[in-house]
Amino acid sequence: KDAKLTELEPRWTSYIRTLEQLAEDIDVDEALRYNNEQRVELEQRVGQVYSLAQLGIVVEIIGHELNELDAELRRHLGRLPKAVQATEPFKSAMTTQRKLVDQLRFLAPMQLAGRRLREEITGAQLYEYVRTFFAGTLEARKASLSATEEFQKLRISEYRSRLQPVFLNLVNNSLYWIAQNKPGAAREIRLAMVADAIIVADSVPGVDPDDVPRLFQLFFSRKTEGRGVGLYLCRMNLEMGGHSIAYAEEARHRVLRGANFVIRLSGIRTG
C-alpha cells in the first residue's frame, strides 16, 4: 500500500497544491456576504413583481367599475331635457366626462384580460394613435408632436398592446417634463428613425447622467408624484417580444437636445 501511494503521489501533488492555493485565495466572509446580497436582491425583485401583479389586478377591477359608471353616467345625462343639454354647464360636464374616459383609456394596456392578436403595425398608425390620444394635452401645453417620414414608413408584426403603451408612456413623460419647463422654452416631441433604431425624443432638459443607470428600475422616478412603474413596464413589455429600449447616450441617437430613448424592434421593416 505504501509503495502504491509513493507511486501516485507525484502525479497528484500538483493538483493538491493548486487546490490549496485556491482555498487560500477564497475569502469565505466575502463569499457569504455576496450570497446574502444576492438573496436580498432576489427577495426584493420577488416583492416588486408581486406588487406589480397586484397593481395589474387593481387596474383590472377599477377599469371594469369605471366602464360601468361611465355607461350609467352617459345614460342618465342623455335623459336630461334638450334645453338642459344645450346649456354651457352641461357641455362642460360632457367635456370633463370625455377627458375622464381618455384617462381610463391610458390604463387599458395595463389590464390583464382581453383578446390579444398579432398584426402588422405601421409607424404612421402608432403616430396617429399617440397624436389623437394626447391631442388635448398637446394643445393645452402648447407642445408639438411630429413623426419623420422614415418613422411613419416602418412596419412590424406585433401586438398593439405591446407597442402602444410604450409610446404612450414615453410621450406622456415628455409632456410631464414639458409642463415643468420654463415658459418660452421649446416644447417639441419627435418620433424618428436613425438607421434601424426608433428614437423618441423631446426638447426639454434630458435625464441627469447619474440617473441613467436607474431609469428602467421598478419604482424609480423623479416625478413629484411618480410611481416609477412606466419605464419598467416599457422595458419588460418590449423584452417579452425580443425588443429593447435604452436611454440614448451616443450623439448619433440624439434627435433633439432633451431626453432621447432608443427602441430596437426585432423584425422591423422600413421603406
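For the structure itself, look to the data block above.
Read on for an overview of the structure. (Residues numbered from 1 in each chain as written. Predicted model: local features only at pLDDT ≥ 70, side-chain atom pairs only at ≥ 80, totals over all residues. Heavy atoms only, no water.)

1. Concerning the nonpolar core
Piece 1. Counting residues in each nonpolar core, the largest one holds 40 residues, and the members touching the most others are Phe-151, Phe-167, Ile-198, Phe-261 and Ile-263.
Piece 2. At the level of elements, helix H5 (123-133), strand E2 (144-147), helix H8 (160-180), strand E4 (188-194), strand E5 (197-202), helix H9 (230-240), strand E6 (244-247) and strand E7 (260-264) are the ones that each hand at least two residues to this core.
Piece 3. Per element, the largest residue contribution to this core is eight residues, and it comes from H8.
Piece 4. Counting residues in each nonpolar core, the second largest holds seven residues, with Val-194, Ile-199, Ala-248 and Leu-256 among its members. (Core = buried A, V, L, I, M, F, W, Y, C linked by side-chain atoms within 4.5 Å. Buried < 20%, exposed > 50% of the residue type's maximum accessible area, 1.4 Å probe, protein only. Helix = DSSP H or I, 4+ residues; strand = E, 2+ residues; numbered from the N terminus.)

2. Re H5
Piece 1. Within H5, the full set of buried residues consists of Gly-123, Leu-126, Tyr-127, Val-130 and Phe-133. The buried residues of H5 occupy one face: seen down the axis, they fall within an arc of 135°. (Arc of directions from axis to C-beta.)

3. Looking at the pattern of salt bridges
Piece 1. Taken as a whole and judged by the stated rule, the model has 14 salt bridges.
Piece 2. Arg-235 is paired through a salt bridge with Glu-239; the nearest N and O atoms lie 3.9 Å apart. Placement of both Arg-235 and Glu-239 in helix H9 is noted, with a separation of four residues, approximately one turn of the helix.
Piece 3. Taking relative accessible area as the criterion, Arg-235 reaches 26% and is therefore assigned partly exposed.
Piece 4. What makes Glu-239 partly exposed here is its relative accessible area of 44%.
Piece 5. Taken together, the shared-partner salt bridges connect Arg-118, Glu-158 and Arg-162 into one network. (Salt bridge = Lys/Arg side-chain N within 4 Å of Asp/Glu carboxyl O.)

4. Here's the deal with the pairing of E5
Piece 1. Of all six residues making up E5, six are buried, and the element is well covered by its neighbours.
Piece 2. Burial of the side chains of E5 extends over both faces: Ala-197, Ile-199 and Ala-201 are buried on one face and Ile-198, Val-200 and Asp-202 on the other.
Piece 3. When E5 meets E7, the two strands line up antiparallel, connected through four bridges. By the bridge assignment for E7, Ala-201 is matched with Asn-260. (Pairing = 2+ DSSP bridges.)

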